Amino acid sequence: MSKSWYVIHTYTGYEQKIERTLRQLLESNDIDSNVLTSIKVPMETVVEVKDNKARTRNNKLIPGYMMLEMDLPELGWKATCNAIRRIQGVTGFVGTAPNQRPRPISTEEARSLLQQSGDLKGEKKVRVKQNYEVNDKVKIIEGPFATFEGVIEEFNAEKNKLRVNVQIFGRATPVEVDVLQVEKI
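The structure displayed is predicted, hence computed values, not measured ones.

Draft legend 1. Region of the structure containing helix α1 (residues 15-27). Taking 1.5 Å per residue as the helical rise, α1 with its 13 residues ought to reach 18 Å, and the 18 Å between its terminal C-alpha atoms agrees with that figure. Considered for burial, the residues of α1 that qualify are E15, I18, E19, L22, L25 and L26. Viewed along the axis of α1, the buried residues span an arc of 120°, placing them on a single side of the element. α1 presents R20, Q24 and E27 as exposed residues on the side facing more than 90 degrees away from its buried surface. Lining the buried residues of α1 we find β1 (4-10), β2 (36-40), β4 (53-60), β5 (65-70), α2 (77-85) and β6 (90-93). A positive phi of about 60° marks N29, the residue just after α1.

Draft legend 2. Spatial organisation of α2. Among the residues of α2, those classed as buried are W77, T80, C81, A83, I84 and R85. Where α2 is buried, its residues touch β1, α1, β5 and β6.

Draft legend 3. The sheet that holds strand β12 (residues 182-184), seen in detail. Reading across from one edge, β11-β10-β9-β8-β12 is the order of the 5 strands in this open sheet, with antiparallel pairing throughout. Of all the strands in the sheet, the pair left with one neighbour each is β11 (171-178) and β12. Taken pair by pair, the neighbouring strands of this sheet meet at an average axis angle of 45°, ignoring direction. Inspection of the sheet shows strand β9 (residues 149-156) paired to strand β10 (residues 161-168) by 6 bridges, in the antiparallel sense. By the bridge assignment, G150 is partnered in β10 with V166.

Draft legend 4. Focus on the sheet that holds β2. The 4 strands lie next to each other as β2-β5-β1-β6, forming an open sheet whose pairing is antiparallel. A single partner strand is all that each edge strand has here, and the edge strands are β2 and β6. Here the average twist between neighbouring strands, direction ignored, is 30°. Pairing of β1 with β6, which is carried by 3 bridges, proceeds in the antiparallel orientation. Within the sheet, the bridge partner assigned to H9 lies in β6 and is G92. Across the face of the sheet, α2 comes into contact with β1, β5 and β6 while running at roughly 150° to β6.

Cut-offs used in this document
Residues numbered from 1 in each chain as written. Predicted model: local features only at pLDDT ≥ 70, side-chain atom pairs only at ≥ 80, totals over all residues. Heavy atoms only, no water. Helix = DSSP H or I, 4+ residues; strand = E, 2+ residues; numbered from the N terminus. Expected span 1.5 Å × (residues − 1). Buried < 20%, exposed > 50% of the residue type's maximum accessible area, 1.4 Å probe, protein only. Arc of directions from axis to C-beta. Contact = heavy atoms within 4.5 Å. Pairing = 2+ DSSP bridges. Axes fitted to C-alpha atoms, helices over the stretch in contact; angles between N-to-C directions.

Here it is as structure tokens:
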């Protein structure tokens, strides 16, 4: 037996309720804590800039799905899987019929999802939701170039960075700033 990540399909919006139910089943020993070792609802942090105010919220990476790290035994796996399937809001394990042993996802898929949600060691990525385009006029509101105005030359959505062309001492100078440090004019 070895630990693997399994994905269950749930009703959208029931993920946190199902997570609480699974934790209660673990506490009451209805599910063995040696079999079900970890429960994850992959989330990403999104910063939305609206009316020049930044609002942070958590979005589910894969709504309607949860990840379970389990060490399923060869004998007795049905009891654990049936207990999970009987939870209200769970429709089943992804990729298998109800009477079949669940198939785990690959370690690469699990690692990718856990990295996106920041659950693995490493930096948690924050996605900024803003609609900047090249040639938009912006004003820098934070940092050493605060109060400068300029035109966006380049927008890097992955890094949440903008290259803004500002006038310094009468010369056009490209400055790299964070998306949260500017506002549209």
